[in-house]
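A closer look at the structure
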Amino acid sequence: MLHIREAVVVEGRYDKNALSQVVDTLILETAGFGIFKDRDQMALLRRAAERRGLIVLTDSDGAGFVIRSRIKSCIPGQYLKHAYIPDVYGKEHRKQKPSKEGKLGVEGVDDSVLAALFDRLQVRYTTQLPKDPITSYDLYAAGLAGTPDSKQKKKKLLAALDLPEFLSTSALLAYLNSRMQRDEFLTYVDTI
């Protein structure tokens, strides 16, 4: 597994799942064309890009290039790196038929192809992993997940962090681990 500093943005959850088998970093989704309507998600991408750098990894089909273009128009180029899936024809396992253009996307290409993309980009590798990562139990213990009033508490935390209100718990966990250590998180939660 590659441990990299930059965050990566992909189109959807299947892309995110495939990529998480190759890289250990913050992986964000555009929800496909949802990025055109969701200002909060674009603001999240912009903040991640400014703090860590952002690698744009969309499918190499027409839709992927439209999404990539939207991100390029909203985030300054000095914060972006672009990774391109090579033209590999075939059908993704979960789909009944190939895409309109017949090309595999992020979810369909082999892990070795994805790893090679990051090598070519000259990403900033890191061997330093969080010493004491924030876990889903920490979110539960803080009342942010799995408790009767967790929805309100999580919403308050998301607002304090200037994050979209519909951010999933797993995405919140990944974001928190990219920004702070466990002890910092526990202190921060006590202050809000």
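Presented here is an overview of the structure given in this document. These numbers were taken from a predicted model, which means no experiment stands behind them.

Cut-offs used in this document
- Residues numbered from 1 in each chain as written.
- Predicted model: local features only at pLDDT ≥ 70, side-chain atom pairs only at ≥ 80, totals over all residues.
- Heavy atoms only, no water.
- Pairing = 2+ DSSP bridges.
- Helix = DSSP H or I, 4+ residues; strand = E, 2+ residues; numbered from the N terminus.
- Axes fitted to C-alpha atoms, helices over the stretch in contact; angles between N-to-C directions.
- Contact = heavy atoms within 4.5 Å.
- 1 Å grid on protein atoms, 1.4 Å probe; cavity = no way out; pocket = protein on both sides within 12 Å on 5 of 7 lines; lining within 4 Å.
- Points joined across faces, edges and corners; volume = space filled by probe spheres on them.
- Nonpolar A, V, L, I, M, F, W, Y, C, P; charged D, E, K, R; others polar.
- Polar contact = N/O pair within 3.5 Å; in protein donor to acceptor, adjacent residues only side chain to side chain.
- Phe/Tyr/Trp six-rings, centres within 6.5 Å; stacked < 30°, edge-to-face > 60°.
- Buried < 20%, exposed > 50% of the residue type's maximum accessible area, 1.4 Å probe, protein only.
- Lys NZ or Arg CZ within 6 Å of the ring centre and 35° of its normal.
- Arc of directions from axis to C-beta.
- Parallel < 35°, antiparallel > 145°, perpendicular 65-115°, else oblique.
- Left-handed = near helix turned anticlockwise from the far one by under 90°.
- Salt bridge = Lys/Arg side-chain N within 4 Å of Asp/Glu carboxyl O.

Attention now moves to the sheet that holds strand E6 (residues 80-82). Read from one edge to the other, the open sheet built from four strands follows the order E4-E2-E5-E6, with strand pairing classed as parallel. Every interior strand has two partners, whereas the edge strands, strand E4 (27-29) and E6, have only one. Between one strand axis and the next, the sheet turns by 30° as a mean value, whatever way the strands run. Two elements, strand E2 (residues 7-10) and E4, share three bridges in a ladder whose sense is parallel. Bridging across to E4, valine 8 finds its partner in isoleucine 27. Contacts from helix H2 (residues 39-52) reach E2, E4 and strand E5 (54-56) within the one sheet, and its direction differs from that of E4 by about 155°.

When its volume is computed, the second largest pocket comes out at roughly 370 Å³. Taken together, 19 residues make up the lining of the second largest pocket; nearest its centre are Glu29, Gln41, Phe166, Leu167 and Ser168. Looking at the lining of the second largest pocket, the elements with two or more residues in it are E4, H2 and helix H7 (169-179). Class assignment for the residues of the lining of the second largest pocket results in nine nonpolar, five polar and five charged.

Before going further, it helps to spend a moment on the side chain of lysine 103. If you trace the backbone, lysine 103 turns up in the loop between E6 and helix H4 (111-121). For lysine 103, the side chain forms a polar contact with the main-chain oxygen of serine 60, separated by 3.4 Å. Separated by 3.2 Å, the side chains of lysine 103 and aspartate 87 make a polar contact.

Attention now goes to the packing of aromatic side chains. For any pair of aromatic rings, the description rests on two quantities: the centre-to-centre distance and the angle between the ring planes. All chains considered together, the criterion is met by three aromatic pairs. Judged by centre distance (6.0 Å) and plane angle (20°), the ring pair of phenylalanine 65 and tyrosine 84 falls under stacked. In this pair, phenylalanine 65 sits in helix H3 (residues 62-74) while tyrosine 84 sits in the loop between E6 and H4, placing the two residues 19 residues apart along the sequence. Ring geometry for tyrosine 137 against tyrosine 140: centres 6.0 Å apart, planes inclined by 45°, an arrangement best described as tilted. Placement of both tyrosine 137 and tyrosine 140 in helix H5 (residues 136-141) is noted, with a separation of three residues, approximately one turn of the helix. Looking at tyrosine 137, the relative accessible area reads 56%, which means it is exposed. We classify tyrosine 140 as partly exposed; its relative accessible area is 44%. Taking NZ or CZ as reference, arginine 68 lies 5.9 Å from the ring centre of phenylalanine 65, over its face.

So, about helix H6 (residues 150-160). Since the α-helix turns once every 3.6 residues, residues separated by three or four places project in the same direction. Among the residues of H6, Ser150, Lys154, Leu157 and Leu158 are the ones counted as buried. Buried positions in H6, seen along its axis, are confined to an arc of 100° and lie on one side of it. When the buried face of H6 is taken as reference, the exposed residues oriented beyond 90 degrees from it are Gln152, Lys156 and Ala159. On its buried side, H6 packs onto H7 and helix H8 (182-191). With its phi angle positive at about 60°, aspartate 162 sits one or two positions after the end of H6.

What follows concerns the packing of H2 against H7. Between H2 and H7, the least distance of the axes is 12 Å, while the angle of their chain directions is 25°. Judged by the angle between their axes, H2 and H7 are roughly parallel. For the element pair H2 and H7, the recorded crossing hand is left-handed. Residues Leu44, Arg47, Arg51 and Arg52 of H2 touch H7, and the partners they reach there are Tyr175, Ser178 and Arg179.

Okay, the pattern of salt bridges next. Evaluation of the coordinates by the stated rule reveals seven salt bridges. The partner of lysine 103 in a salt bridge is aspartate 87, with the nearest N and O atoms 3.2 Å apart. With lysine 103 in the loop between E6 and H4 and aspartate 87 in the loop between E6 and H4, this residue pair connects regions lying 16 residues apart in the sequence. Look at lysine 103 and you get buried, because its relative accessible area is 18%. A salt bridge links arginine 182 to aspartate 138, with the shortest nitrogen-to-oxygen separation between them at 3.0 Å. Separated by 44 residues along the polypeptide, arginine 182 in helix H8 and aspartate 138 in helix H5 bring together distant segments of the chain. Overall, the relative accessible area of 3% leaves aspartate 138 in the buried class. Three or more residues joined by partner-sharing salt bridges are found here, namely Asp132, Asp138 and Arg182.

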